[in-house]
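Each chain is listed here by its residues.
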Amino acid sequence: MTGFGQTGPRAQQPGYDLLIQAMCGIMDLTGEPDSEPQKVGVAWIDVLTGLYGVIGIQAALAERERSGLGQQVDVVLFDVGGAVLANQATNYLVSGKVPRRVGNAHPNVAPYQVFPAVDGHIIIACGNDRQFAALCGLLGLNCLAGDPAYATNPARVENREALYAVIAERTRQRAKADLIAKLEKLGVPGGPINTVAEAIDEPQLRARELCIAPEGLPGLRTPIPLSQSPLTIERAAPILGSGNWSFSFTKV
């Protein structure tokens, strides 16, 4: 795993997550339209490169089982940064138009962003017309669901600014907890904007037992529960120079 790989004009150059975020385009897509480009709040390309590295190793092991031959796995931060641009890269490749920053809005779906409430902000993410119609009913905006300017997702994306203004005028009159509870009942994705502490204490995360504390040291487990061979953490990660860390899979 390297910054730029074993081939190409930058092969010998060092690379770090921040530099790769800048070069792969994600910083130009992140932030408000009139703000400076922003990096993601964690070193996500580092993390994703590790995950792609594991996938590559698994693929190489599968090939070895078939052919008996080994191979080099050349996993690169810059490649990963480009690959995970996902729909934004597709938008450009298909249309030739360069995607631009749209803040917390989604380039292809609306309404799908942050909305104000009396006591803060919430997320509302309508992924289809049914969810949008349900949201309109909740906010007393049934007229919007049948309006050609908003009835379909392409129309809503085209008129997102006007749509946001109308919805925000209603949401800012309600409390976060009330809105979120009613959205849940309607099957409309919505939720709070948590701090890290609130996310860690979220009942859903706790129910999934993501938090662990081997030997009394708190941390987060690998988020891959296995029904047949669950991961058992026997000890905490060692400090530098203290020895190898081991783990086992318990077959049930």
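Bear in mind that the values here come from a model prediction, so they are computed numbers and not experimental data.

Caption draft 1: Here's a closer look at the pattern of salt bridges. Within this structure, the stated rule accounts for 7 salt bridges. With a shortest N-O distance of 3.6 Å, aspartate 28 and arginine 100 are connected by a salt bridge. Taken together, the residues aspartate 28 in helix H2 (residues 26-29) and arginine 100 in the loop between helix H5 (86-95) and strand S1 (112-117) connect sequence positions 72 residues apart. According to the relative accessible area criterion, arginine 100 is exposed, its value standing at 54%. A salt bridge links arginine 156 to aspartate 129, with the shortest nitrogen-to-oxygen separation between them at 2.9 Å.

Caption draft 2: Highlighting the sheet that holds S1. If you walk across this open sheet you meet the 3 strands as S1-S2-S3, and the pairing is antiparallel. The strands lining the two open edges of the sheet, one partner per strand, are S1 and strand S3 (190-192). Recorded for the sheet is a direction-independent mean angle of 30 degrees between the axes of neighbouring strands. Pairing of strand S2 (residues 120-125) with S3, which is carried by 3 bridges, proceeds in the antiparallel orientation. Counted as the bridge partner of isoleucine 122 is proline 192 from S3. Across the face of the sheet, helix H10 (residues 176-186) comes into contact with S1, S2 and S3 while running at roughly 15 degrees to S2.

Calculation rules
- Residues numbered from 1 in each chain as written.
- Predicted model: local features only at pLDDT ≥ 70, side-chain atom pairs only at ≥ 80, totals over all residues.
- Heavy atoms only, no water.
- Salt bridge = Lys/Arg side-chain N within 4 Å of Asp/Glu carboxyl O.
- Helix = DSSP H or I, 4+ residues; strand = E, 2+ residues; numbered from the N terminus.
- Buried < 20%, exposed > 50% of the residue type's maximum accessible area, 1.4 Å probe, protein only.
- Pairing = 2+ DSSP bridges.
- Axes fitted to C-alpha atoms, helices over the stretch in contact; angles between N-to-C directions.
- Contact = heavy atoms within 4.5 Å.

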